[in-house]
Amino acid sequence: MPKLCLDDRAIISLSGKDADALLQGLITTDLGALAEDEVRPGALLTPQGKILFDFLISRDGEALRVETSLDQVEALLKRLTMYKLRSAVELSLLTPAPVAVVFGEERPDSSYRDHRFEKAGLPVFRLYRSIAGAKASVADYDRLRIATGVAAVNRDYALQDAFPHDVLMDLNGGLSFRKGCYVGQEVVSRMQHRGTARRRVVIVASEAELPPTGTSLAINGRPIGSLGTVQGKAGLAIVRIDKAGEAIAKGDPILAGEVPVTLKLPGWTGLAFPAEADEASA
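On a predicted model such as this, the values are computed, not experimentally measured, just so you know.

Enquirer: So what about the pairing of strand E10 (residues 199-205)? Which residues, and what values?
Expert: Burial of E10 is extensive: five of the seven residues sit out of reach of the surface. Of the strand pairs in this sheet, E10 and strand E13 (residues 234-240) are connected by seven bridges, and their pairing is antiparallel. Looking at E13, one finds that Arg200 is bridged to Val239. Taken together, the three bridges between E10 and strand E15 (residues 259-264) define a ladder with antiparallel strand orientation. Bridge assignment links Ala205 to a residue of E15, and that residue is Thr262.

Enquirer: Outline the pattern of salt bridges, listing residues and values.
Expert: Under the criterion given, the structure shown has 21 salt bridges. A salt bridge links Arg113 to Glu118, with the shortest nitrogen-to-oxygen separation between them at 2.7 Å. Since its relative accessible area comes to 34%, Glu118 is described here as partly exposed. For Arg116, the salt bridge identified is with Asp114, shortest N-O distance 2.7 Å. Just as Arg116 is buried, Asp114 falls in that class too. Within the structure, one salt-bridge network assembled from shared partners comprises Asp37, Glu38, Arg40, Arg107, Arg113 and Glu118.

Enquirer: Quick one: what's the story with the pairing of strand E11 (residues 216-219), residue by residue and with numbers?
Expert: Where E11 meets strand E12 (residues 222-231), four bridges bridge the pair, whose relative direction is antiparallel. Looking across to E12, one finds that Ser216 is bridged to Ser226. Adjacent in sequence and paired antiparallel, E11 and E12 are bridged by two residues, among which Asn220 carries a positive phi angle near 50 degrees. With three bridges connecting them, E11 and strand E14 (residues 254-256) associate as antiparallel partners. Bridging from a neighbouring strand, Leu217 pairs with Ala256 of E14.

Enquirer: Please give an account of the side chain of Asp170 that cites residues and values.
Expert: Tracing the sequence through the fold places Asp170 in the loop between helix H4 (138-148) and helix H5 (185-194). We classify Asp170 as buried; its relative accessible area is 14%. In this structure the side chain of Asp170 is engaged in a polar contact, spanning 2.8 Å, whose partner is the side chain of Arg200. Non-local contacts of Asp170, meaning those with residues more than four positions away in its chain, are made with Pro164, His165, Leu175, Phe177, Gln192 and Arg200.

Thresholds applied
- Residues numbered from 1 in each chain as written.
- Predicted model: local features only at pLDDT ≥ 70, side-chain atom pairs only at ≥ 80, totals over all residues.
- Heavy atoms only, no water.
- Buried < 20%, exposed > 50% of the residue type's maximum accessible area, 1.4 Å probe, protein only.
- Helix = DSSP H or I, 4+ residues; strand = E, 2+ residues; numbered from the N terminus.
- Pairing = 2+ DSSP bridges.
- Salt bridge = Lys/Arg side-chain N within 4 Å of Asp/Glu carboxyl O.
- Polar contact = N/O pair within 3.5 Å; in protein donor to acceptor, adjacent residues only side chain to side chain.
- Contact = heavy atoms within 4.5 Å.

Structure, rendered in structure tokens:
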């Protein structure tokens, strides 16, 4: 069973009688739908609806566990402390945190189902302790993410540059439209109900080695996005799917730098490329 220990993660623990209520009114994830044995994605948004911080959230007994990247954790902790005010919430920080990812069919003891991969039909589990035999590489995990369309911050998108829809949070359990108000909720709800989300994660493939992360994806010299995570001939990107769909319908080539590529929406999403570009939602 492939196992990978991640060395760039940190955990903020929230405990106290107001912990659920505090987060429920701040973040995109519906804590009422969070099972005891699973991890769900989530974000704290800007008022304009873009991702200010992203994380994975799970329950740790009576507490809530917020797992995020080391480069975000101090700022996220400061922001949560600001929102806490006089709420009965205790915040504690563990950095670096022991976080392991296990791919495979057998579920380890004391593990949490990763809801993002579960939506894609793959058993992937997270553990919040050290494990033996962790021989898988980050490249192995990247290949799994590419195959399922699971984007990662600073690999596939930058903070304050992407909406939750761009990274499929509306489909992978990380974005609620029913739980009530939270920061940025009005913007993402409007995108949902008007159907104006046009930037989406796609799986990029080529017959040649793909160029590096950050390389522009273009149609007739016009950019529609840029490469994110790359492993050999496959990668991820966030692109304007209406522009891509129009090019696919016309047979126009899509290039990553000088390399011809094909684009595919992750099958589990149920999304399809529009046949025409929507200039109104540019």
